[in-house]
2 protein chains.
Amino acid sequence: MTTIHELGTPSALIDTQRMERNIRRMQDRMQAMGVRFRPHAKTTKCLPVVQAQIAAGAQGITVSTLKEAEQFFEAGIQDILYAVGMVPGKLGQALALRQRGCQLKIITDSVAAAREIGRFGAAHGAVFEVWIEIDTDGHRSGIKPEEDALLQVANVLRDAGMVVGGVLAHAGSSYDHDDPQALRAISEQERAGAVRAAQRLREAGFACPVVSIGSTPTALAAEDLEGVTEVRAGVYVFFDLVMRNVGVCGLDDIALSVLTTVIGHQEEKGWAIVDAGWMAMSRDRGTQKQKQDFGFGQACREDGTVLEGYTLSGANQEHGILSRAGEPDGRIAERFPLGTRLRILPNHACATGAQHPEYHAIGPDGRARAWPRFYGW
Amino acid sequence: MTTIHELGTPSALIDTQRMERNIRRMQDRMQAMGVRFRPHAKTTKCLPVVQAQIAAGAQGITVSTLKEAEQFFEAGIQDILYAVGMVPGKLGQALALRQRGCQLKIITDSVAAAREIGRFGAAHGAVFEVWIEIDTDGHRSGIKPEEDALLQVANVLRDAGMVVGGVLAHAGSSYDHDDPQALRAISEQERAGAVRAAQRLREAGFACPVVSIGSTPTALAAEDLEGVTEVRAGVYVFFDLVMRNVGVCGLDDIALSVLTTVIGHQEEKGWAIVDAGWMAMSRDRGTQKQKQDFGFGQACREDGTVLEGYTLSGANQEHGILSRAGEPDGRIAERFPLGTRLRILPNHACATGAQHPEYHAIGPDGRARAWPRFYGW
């Protein structure tokens, strides 16, 4: 039996009790609100995590690359939404998945892309199920609910023999808030925009069975999901320091951490040097402009106890600088001697996870199980 | 034959002509200055790149993880410096490499670590070659050249039967400059500090054969390397936008780029959306505080021609936002239609490379060869 004490450093740990609690919390909430839940696998790219989400009641998954779709389909998951705008160069890969039996849904937000999808589908005798991406907050891509383009895209798809499966919105700007009222407002804006787009499509004769919305903050802030059929969210399964600052979790909900070792000190400066640099933590400094800046991560003891005020204040490729906020800790070397093992909570679980070939899932029995993750495209 | 036009996106490209020119430039410079050169493999973690560096005259390599050491040793490279402070938990792995014939050198900057190395070496009948890390700019770790600890560490090592192989310094703060005079000054400070530390060791009876210094900016700025025996540098092999701002390369020296596809537009905002987000580029925003901010990267055409003023101004996990500096480009969709393929030059080659399982090396014949890289620890 491998335990946490035997793992090399740096390595990525999952606290499986916290993970299960996070999964349960989201799934219960969605069930209470009467909507399906489609977790975003991009956060973990890890089969055992996604299997736990499905076991808890998730219906289908969301992916951000076709490689993720292929990997999860090979593992037996059939209902997959590829939630990045489809381009001609990727249609062959999408078609191959459908031909193997995958219920792959693709998305678009433009007439140009809809034409290409239709042309390719017609040429290959394939019917793609396409969802139309709706923009409710100007965050990134999508068609605004009232735009003419919405019906133009739907018509182009229908005329080419494709299925208009639904609409989806993602209020990515929810990450920029930290006030419950503002979060509820952006969540309602996401819901209302997606529902309005679906209504316009239905009035034009499209069934538009799916109305899909979501982000971790809006999924947890929503008070009413009238008209929505499914919610998507990703980072909730691990949470992170950015989500803690947004206000949707506490430090003791964060299920991902990086195990590290103290490799040296600069006592005059109050620094301990650890072997988790940005290669292990990622370069994500998502809390920098939030209400509390955690540097490259919040330090905890090896057992997970938070070390209040100690953060990774700096990071090079394989070196992290651990220091205390405010007055430098003159006793840093005594407090954290050479070889001390610590855990660092990440700013952004999606980014930190991506730096590691595998997770080490730590169960209530203290045993560490290796859970591989996908990498690349 | 695979060409660049057949590669999926996003993917990491190496322009091998630029890479060879960068290797030649550094190696010629080192030979002219009469010092050995030990490239840092952490930038590429890629065997064909390191083999090209060695073929050009490099003597040994530097690594930042023991996994890198193991991979390169298995590929036949024997002279390896592990340039991160050694801790007790990693001595077993280091010993195994030495026992297999690897001329592994390890480093330390503290009496505590020197004691552990000595104790472990004595207990296992092993003689470790240890270099002492010197701090010349307060950047990170190391002992200052005049500190008592320098001789204490050397004595502890010798008393335990270990070999004090030399001293090494790394002026990491050189990245913060962009003025040739300041770079020369920090380079001289790095040189002088390392030479002074070696002098103190020699006066105390240690041979201290190696005086190792380096970083890409200081290696290229140094005017005189009196007393230095070897130089280390990593990022010079690819260069990047940070190095362009530091002033040691031009945009047309940058050998690494990320191939991407336009997947959509927000015409009102002057945005093209591409499939290279931060997962492909890394979260490194190293040019943010430099003289020119390139966002998440500088856009080029598929053939490598720089698109002046167009950068990735924003990035989500798999979405990048391409826009023009200043006035938004109202003709963005016309200029870069759906499916357009572009290359993005990275802020920081080490961070961007790490996001990709392999490079695609593009030779003068236009052929793309897959070059794998190492990942994890």
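Note that the coordinates shown come from a computational prediction; the quantities given were computed from them, not determined experimentally.

### Details of the side chain of S323 of chain B
All names here are of chain B. Here S323 shows up in strand β14 (residues 320–324). In this structure the side chain of S323 is engaged in a polar contact, spanning 2.8 Å, whose partner is the side chain of S313. Beyond its immediate chain neighbours, meaning those up to four positions away, S323 contacts G270, W271, G309, Y310, T311 and S313.

### Focus on the packing of aromatic side chains
A complete count under the given rule lists 11 aromatic pairs over all chains for this structure. Aromatic pair F37 of chain B and Y236 of chain B: ring centres 5.3 Å apart, planes at 80°, arrangement edge-to-face. Of this pair, F37 of chain B sits in strand β2 (residues 36–39) while Y236 of chain B is found in the loop between β9 (230–233) and α9 (241–246), placing the two residues 199 residues apart along the sequence. For the pair formed by F37 of chain B and Y236 of chain B, the shared burial category is buried. Seen from their ring centres, F120 of chain B and F128 of chain B are 6.4 Å apart, and the 40° between their planes marks the pair as tilted. For the pair F120 of chain B and F128 of chain B, a shared accessibility class is recorded, and that class is buried. For the cation-ring pair, R285 of chain A lies above F296 of chain A, with the distance from its terminal atom to the ring centre recorded as 5.5 Å.

### Section: the relation of the copies chain A and chain B
The two copies are related by a screw motion: chain A maps onto chain B through a turn of 180° and a shift of 0.0 Å along the axis, at an RMSD of 0.0 Å. The superposition of one copy onto the other is thereby described by a two-fold rotation axis. Distance from the rotation axis, computed per C-alpha, reaches its smallest value in chain A at R283 of chain A: 2.5 Å.

### A look at the interface of chain A and chain B
Taken together, the 52 residues of chain A in the interface contact 52 residues of chain B. For the pair chain A and chain B, the summed buried surface comes to about 4600 Å²; carbon and sulfur atoms form 56% of the total. Linking chain A to chain B there are 6 salt bridges. The closest approach of N and O atoms between E318 of chain A and K45 of chain B, which form a salt bridge, is 3.8 Å. Summed over the shared surface of chain A and chain B, the result is 24 residue pairs in polar contact (both at pLDDT 80 or more). Where the side of chain A that touches chain B is concerned, the elements lending two or more residues are α5 (111–123), β10 (256–266), β11 (271–274), α10 (278–281) and α12 (349–353) of chain A. Per-element tally for the side of chain A that touches chain B: the top contributor is β10 of chain A, with 4 residues. The residue inventory of the side of chain A that touches chain B, partitioned by class, reads 22 nonpolar, 17 polar and 13 charged.

### Quick notes on the sheet that holds strand β5 (residues 103–108) of chain A
Residues and elements named next belong to chain A. Pairing within the open sheet is parallel, and its 8 strands lie in the order β2-β9-β8-β7-β6-β5-β4-β3. The strands lining the two open edges of the sheet, one partner per strand, are β2 (36–39) and β3 (61–63). Here the average twist between neighbouring strands, direction ignored, is 30°. Sheet analysis places β3 next to strand β4 (residues 79–82), joined by 3 bridges and oriented parallel. Within β4, the position partnered with V63 by the bridge is Y82.

### Considerations on unusual backbone geometry
Residue and element names in this part refer to chain A. Of note, the amide linkage connecting T9 to P10 takes the cis form, showing an omega dihedral of -5°. In this structure, P10 sits in the segment before β1 (11–15). One non-glycine residue, C208, lies in positive phi territory at about 45°. On the secondary structure map, C208 appears in the loop between α7 (180–203) and β8 (210–213). Non-glycine residue S282 carries a positive phi angle of around 80°. As for its placement among the helices and strands, S282 is situated in the loop between α10 and β12 (298–301). Overall, the relative accessible area of 2% leaves S282 in the buried class.

### Some thoughts on the domain arrangement of chain A
All names here are of chain A. Each assigned domain of chain A is listed with its residue range as follows: domain 1 (34–238) and domain 2 (251–372). If you average the C-alpha positions of domain 1 and of domain 2, the two centres end up 35 Å apart. Counting residues at the interface gives 13 residues for domain 1, matched by 11 residues for domain 2. The tally of links between domain 1 and domain 2 comes to 0 salt bridges. Partitioning the side of domain 1 that touches domain 2 into residue classes produces 8 nonpolar, 2 polar and 3 charged.

### Overview of the layout of surface pockets
Estimated volume of the second largest pocket: approximately 450 Å³. Lining the second largest pocket are 18 residues; nearest its centre among them are D109 and S110 of chain A together with H265, Q266 and E267 of chain B. Of all elements in the fold, only α5 and α6 (148–159) of chain A together with β10 (256–266) of chain B reach the threshold of two or more residues within the lining of the second largest pocket. Broken down by class, the residue content of the lining of the second largest pocket amounts to 8 nonpolar, 4 polar and 6 charged.

### Overview of the sheet that holds β2 of chain B
Residues and elements named next belong to chain B. Strands sit in the order β2-β9-β8-β7-β6-β5-β4-β3 across an open sheet of 8 strands; the sheet is parallel. For this open sheet the edge positions go to β2 and β3 (61–63), each flanked by a neighbour on one side alone. Neighbour to neighbour, the strand axes of the sheet diverge by 30° on average, direction disregarded. The sheet contact formed by β2 and β9 spans 4 bridges and is parallel. By the bridge assignment for β9, R36 is matched with E230.

### Some remarks on the UniProt feature "domain: D-serine dehydratase-like" (unreviewed entry) in chain A
In this numbering, the UniProt entry assigns the feature "domain: D-serine dehydratase-like" (unreviewed entry) to residues 255–363 of chain A. Split by type, residues 255–363 of chain A is 12% helix and 40% strand. Its first and last C-alpha atoms lie 11 Å apart.

Rules used throughout
- Residues numbered from 1 in each chain as written.
- Chains lettered and ligands numbered in written order.
- Predicted model: local features only at pLDDT ≥ 70, side-chain atom pairs only at ≥ 80, totals over all residues.
- Heavy atoms only, no water.
- Helix = DSSP H or I, 4+ residues; strand = E, 2+ residues; numbered from the N terminus.
- Polar contact = N/O pair within 3.5 Å; in protein donor to acceptor, adjacent residues only side chain to side chain.
- Contact = heavy atoms within 4.5 Å.
- Phe/Tyr/Trp six-rings, centres within 6.5 Å; stacked < 30°, edge-to-face > 60°.
- Buried < 20%, exposed > 50% of the residue type's maximum accessible area, 1.4 Å probe, protein only.
- Lys NZ or Arg CZ within 6 Å of the ring centre and 35° of its normal.
- Least-squares fit on C-alpha atoms with pLDDT ≥ 70 in both.
- Buried area = accessible area lost by both parts, 1.4 Å probe.
- Salt bridge = Lys/Arg side-chain N within 4 Å of Asp/Glu carboxyl O.
- Nonpolar A, V, L, I, M, F, W, Y, C, P; charged D, E, K, R; others polar.
- Pairing = 2+ DSSP bridges.
- Axes fitted to C-alpha atoms, helices over the stretch in contact; angles between N-to-C directions.
- Domains from an automatic or database assignment.
- 1 Å grid on protein atoms, 1.4 Å probe; cavity = no way out; pocket = protein on both sides within 12 Å on 5 of 7 lines; lining within 4 Å.
- Points joined across faces, edges and corners; volume = space filled by probe spheres on them.
- UniProt positions renumbered as here; feature names shortened; annotations may be inferred.

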